[in-house]
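# Analysis of the macromolecular model
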Amino acid sequence: MELTFKDKVVLVTGSGRGIGRVIAETFAEQGATIVLSDYNAESLKAAKQVFTEKQYPFIAIPCDVTDEEQVARLIKEIMGSYEHIDIIVNNAGITRDTLLMLMKTDQWDAVINTNLKGVFLVTKAVSRQLIKQRSGKIINISSVIGIMGNAGQSNYAASKAGVIGFTKSIAKELASRGITVNAIAPGYIETEMTHVLDEKAKEALLTVIPLKRAGSSKDVANAALFLASPLADYITGQVIKVDGGMVM
Ligand code: NAP
């Protein structure tokens, strides 16, 4: 079967840089129309430039996923431009790592608001349209940390475990409307988010990865492509780990 996303409109949140940007480019390479979205104006501008140079069909809409009004405007603008939306990748995410005893409430709130509330707000805002269409594929980017936990990342782990519970619940709510909802749990992927790790931490991570390398954003994007394709029509409520075998 040929994987084609021609005539599909794909929203990727946090697609200014990192995994989100590569997911957006990967769908664009397969013929999809992309909605780039990020709250970082500089990243969004850089992504726009790349998409313009490559002549991919796209629009770019700034949006902070923690802000309900901005999210409502995002979906309204997409519908104004295309009248349908087919694939939503809830990717925007942040870390504010520190041990519990040192964690400030604002570090907790920032991570939960972006990584979990953001997924809720975007999914809720788009779901009315998907129900109307009786089709749609929602892909939430979780993390293996949400499955196994990690010292110094209790806020992040809680948010990503929350995304998994949310994914399964919404998969059950929307299944009868022809909408699938799945999560991807990446392991250690080389991006700006993980560049901040020191060499010792990176080496330690490689010792627990059977495939003995960090993942790339493309590895995650390929899983998203599969979940959004007709090949995955009978898959919903699942969590696909893209982690080189780190968590089995
Ligand atoms: P990244 O390089 O930091 O990119 C995330 C993008 O999302 C950035 O452009 C960021 O803007 C943006 N963003 C942050 N908060 C936002 C908000 N409230 N609204 C809209 N956009 C926002 O991170 P990444 O490594 O690509 O991670 C992407 C996703 O994969 C995240 O959900 C992350 O938790 C998950 N993940 C990553 C790894 C990994 O190893 N990298 C592993 C497992 C899961 P700023 O640049 O201004 O922050």
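Quick summary incoming for the structure in this document. Owing to the predicted nature of the structure, the values given are computational and were not obtained by experimental measurement.

To continue, consider the packing of aromatic side chains. One pass over the structure, following the stated rule, counts 3 aromatic pairs. On the basis of an interplanar angle of 70° and a centroid distance of 5.2 Å, the ring pair of Phe-51 and Tyr-56 is categorised as edge-to-face. Across the pair, Tyr-56 and Phe-51 agree in class, each one buried. Each ring, one from Phe-51 and one from Phe-58, has its centre 5.6 Å from the other, and the planes form 70°; the classification is edge-to-face. Residue classification places Phe-51 among the buried positions, given a relative accessible area of 0%. Taken together, the ring pairs in this structure connect Phe-51, Tyr-56 and Phe-58 into an aromatic cluster.

Another aspect to go through is the site of the ligand. Looking at the ligand, there are 29 residues lining it, with Ile-19, Asp-38, Asn-91, Tyr-156 and Thr-191 nearest. Asp-64 is positioned with one of its side-chain polar atoms (N or O) 2.9 Å from a nitrogen atom of the ligand. In this structure the site holding the ligand corresponds to the largest pocket. The greatest single-element share of the shell around the ligand, amounting to 3 residues, is contributed by helix α7 (residues 192–195). Of the residues in the shell around the ligand, the class split is 12 nonpolar, 12 polar and 5 charged.

Here the focus is the layout of surface pockets. In this model, the largest pocket occupies a volume close to 1,200 Å³. If you trace the largest pocket, you find 48 residues lining it, with Gly-93, Ile-94, Thr-95, Tyr-156 and Met-193 closest to the centre. Listed by contribution, the elements that provide at least two residues to the lining of the largest pocket are α1 (18–29), β2 (33–38), α5 (145–148), α6 (154–174), α7 and α8 (199–207). Its volume calculated, the second largest pocket comes out at about 210 Å³. Contributing to the lining of the second largest pocket are 15 residues, with Lys-8, Ser-135, Gly-136, Lys-137 and Ala-228 lying nearest its centre.

Cut-offs and rules
- Residues numbered from 1 in each chain as written.
- Predicted model: local features only at pLDDT ≥ 70, side-chain atom pairs only at ≥ 80, totals over all residues.
- Heavy atoms only, no water.
- Phe/Tyr/Trp six-rings, centres within 6.5 Å; stacked < 30°, edge-to-face > 60°.
- Buried < 20%, exposed > 50% of the residue type's maximum accessible area, 1.4 Å probe, protein only.
- Near = heavy atom within 4 Å.
- Polar contact = N/O pair within 3.5 Å; in protein donor to acceptor, adjacent residues only side chain to side chain.
- 1 Å grid on protein atoms, 1.4 Å probe; cavity = no way out; pocket = protein on both sides within 12 Å on 5 of 7 lines; lining within 4 Å.
- Sits in = over half its atoms within 2 Å of the grid points.
- Helix = DSSP H or I, 4+ residues; strand = E, 2+ residues; numbered from the N terminus.
- Nonpolar A, V, L, I, M, F, W, Y, C, P; charged D, E, K, R; others polar.
- Points joined across faces, edges and corners; volume = space filled by probe spheres on them.

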